[in-house]
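Residues per chain, in single letters:
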Amino acid sequence: MRQIFFDTETTGLEADKGDRIIEIGCVEMVNRQLTGNNLHLYINPERASHEDALRVHGLTEAFLSDKPKFAEIAQQLLDFLRGAELVIHNAAFDVGFVNAELKRLKLGAITDHVDSVRDTLLMAREMFPGKANSLDALCRRLEVDNSSRVLHGALLDAKLLADVYINMTRGQDALLMDEHAESGPQDMGGSVESVDLSQFQLPVLTASEDEVQAHARMLKDLDKAAGGVSKWRSFFPAAENMA
């Protein structure tokens, strides 16, 4: 299963009023393993960022002035994302901005190019109802180190989101539902051959005299520490013979 952890930085909060994407970070994970095959893009939005947004990401108009426009990186981005599941924190925001950019280029919507979109904010609200579920809050709750996150950056945030997602989904049945876990005997075209275990003789290793004496001394130490007969002996009555 191929997943892309996806994040953007923008000039403001309103894609429908002309705000644009200025940075994209993509972190690839295949079968729950980070591959290192990431994509990081700065984009010239052809406009200035709002002051509040600038304080969040720190990407100035001067810094972005020589970067490619979205039209120049659109195909590279779509090629990288194609067929993957996008994992996004507050997906409605990022998807809205990407769709606005794609619409300008008559390239459809992002869901035309990817397999699906998963929103970790919605997941977190189900797992931790009534609690703060920002990326920073989840990092603290799930013990993900975000000490390097002074300013928001798309690639850094995508990497943090990957770590948060792994911690959020660890131990759930859904973890087994990847391409490898779904493969079974039926995928190999037959049933698994049974093995008669009675044909095997397992070796029995007997403790040496020194090992027996050492174990007896350990039992006496346990009794002494317990102030009587240790609880361990009640589980293993045969140990009485070693006292």
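Scroll up to find the structure.
Described in the following lines is the structure provided in the data block. Here the residue index of a chain counts from 1 through its sequence in written order. With pLDDT at 70 or above as the cut-off, local features in this predicted model cover only qualifying residues; side-chain atom pairs require 80 or more to be listed or tallied, and sums for whole chains, interfaces and linings still use all residues. Where side-chain values are given, they derive from all heavy atoms of the structure, hydrogens and water being excluded.

### What to know about the overall build of the chain
Reasoning step 1: Each helix is a run of H or I in the DSSP string that is no shorter than four residues. Each strand is a run of E no shorter than two, and both are numbered from the N terminus. Looking only at helices and strands, one finds ten helices and six strands in the chain.
Reasoning step 2: Only protein chains enter the accessibility calculation, which uses a 1.4 Å probe; a residue is then buried when its area is under 20% of its type maximum, exposed when over 50%, and partly exposed in between. Looking at the chain residue by residue over its 243 residues, the buried ones come to 38%.
Reasoning step 3: In what follows, residue pairs with any heavy atoms lying within 4.5 Å of each other are defined as contacts. Summarising the internal contacts of the chain: among those between residues at least 6 apart in sequence, 65% fall at separations of at least 24.
Reasoning step 4: Accessible area of the chain: about 14900 Å², with a carbon and sulfur share of 53%. Throughout, the Shrake-Rupley method with a 1.4 Å probe supplies accessible areas, and for residues the shown protein chains are the sole cover considered.

### Remarks on the layout of surface pockets
Reasoning step 1: Taken as a whole, the largest pocket holds about 550 Å³ of empty space.
Reasoning step 2: Note on definitions: the grid is 1 Å and covers protein atoms alone; a cavity is a set of points where a 1.4 Å probe fits but cannot get out; a pocket is an open set with protein on both sides within 12 Å along at least five of seven lines; lining residues have an atom within 4 Å of a point. Lining the largest pocket we find 25 residues, and of these Asp7, Thr8, Glu9, Phe93 and His152 sit closest to its centre.
Reasoning step 3: For the lining of the largest pocket, the secondary structure elements donating two or more residues are β1 (2-10), α1 (51-57), α4 (91-104), α6 (135-141) and α7 (154-169).
Reasoning step 4: Ranked by residue count, the leading element in the lining of the largest pocket is β1, at five residues.
Reasoning step 5: Taken together, the residues of the lining of the largest pocket sort by class into nine nonpolar, nine polar and seven charged. Grid points are joined across faces, edges and corners, and a volume is the space filled by probe spheres set on the points. In this count, Pro and Cys sit with the nonpolar residues alongside Ala, Val, Leu, Ile, Met, Phe, Trp and Tyr, while Asp, Glu, Lys and Arg are called charged and the others, Gly among them, polar.

### With respect to the pattern of salt bridges
Note that side chains of opposite charge can pair when their charged atoms are close.
Reasoning step 1: Every case where a carboxyl oxygen of Asp or Glu lies within 4 Å of a side-chain nitrogen of Lys or Arg is listed as a salt bridge. Enumeration over the complete set of coordinates arrives at nine salt bridges.
Reasoning step 2: Close ionic contact of Arg55 with Asp52 constitutes a salt bridge, the shortest N to O distance being 2.2 Å. Highlighted residues: Arg55 and Asp52, both in helix α1, separated by three residues, approximately one helical turn. A single burial state applies to Arg55 and to Asp52, both of which are exposed.
Reasoning step 3: Two residues, Asp66 and Lys67, come together in a salt bridge whose shortest N-O distance is 2.9 Å.
Reasoning step 4: Here the salt bridges do not stand alone but share partners, grouping Arg20, Glu101 and Arg104 into one network.

### Observations concerning the pairing of strand β6 (residues 116-119)
Reasoning step 1: In terms of strand pairing, strand β5 (residues 85-88) meets β6 through four bridges, oriented parallel. Along β6, the bridge assignment pairs Ile88 with Asp119.
Reasoning step 2: Note on the crossover from β5 through α4 to β6: the handedness is right-handed. Here, any two strands with at least 2 DSSP bridges between them count as paired. Crossovers are marked right-handed if the path from the first strand over the helix to the second runs clockwise, as seen with the strands pointing away from the viewer.

### As for the nonpolar core
Reasoning step 1: Judged by nonpolar contacts, the single largest core of 27 residues is most densely connected at Phe6, Ile24, Cys26, Phe70, Leu77, Leu81 and Ile110.
Reasoning step 2: The set of elements that each furnish at least two residues to this core consists of β1, β2 (21-30), β4 (39-42), α3 (70-81), β5 and α4.
Reasoning step 3: Other than its neighbours up to four places away in sequence, Leu81 contacts Arg2, Ile4, Phe6, Cys26, Leu86, Ile110, His113 and Val114.
Reasoning step 4: Counting residues in hydrophobic clusters, the runner-up holds 21 residues, among them Phe128, Leu138, Tyr165 and Met168. Within this scheme, the nonpolar core is defined by two criteria: the residues are buried Ala, Val, Leu, Ile, Met, Phe, Trp, Tyr or Cys, and they are joined through side-chain atoms within 4.5 Å.

### Some remarks on the side chain of Asn146
Reasoning step 1: Structurally, the position occupied by Asn146 is in the loop between α6 and α7.
Reasoning step 2: Using a relative accessible area of 18% as the deciding quantity, one classes Asn146 as buried.
Reasoning step 3: A polar atom in the side chain of Asn146 sits 2.9 Å from the side chain of Asp136.
Reasoning step 4: The residues touching Asn146, leaving out its near neighbours within four places in the chain, are Asp136, Cys139 and Leu160. Under the rule applied, a polar contact is a pair of N or O atoms within 3.5 Å (in protein, one hydrogen donor and one hydrogen acceptor; residues adjacent in sequence only if both atoms are side-chain atoms).

### Describing the environment of Leu155
Reasoning step 1: Structurally, the position occupied by Leu155 is in helix α7.
Reasoning step 2: What makes Leu155 buried here is its relative accessible area of 17%.
Reasoning step 3: Through-space distance from the C-alpha of Leu155 to that of Glu9 is 9.7 Å; in sequence the pair is 146 residues apart.
Reasoning step 4: Every residue in contact with Leu155, bar those within four places of it in the chain, is listed here: Glu23, Gly25, Cys26, Val27, Asn38, Leu39 and His40.

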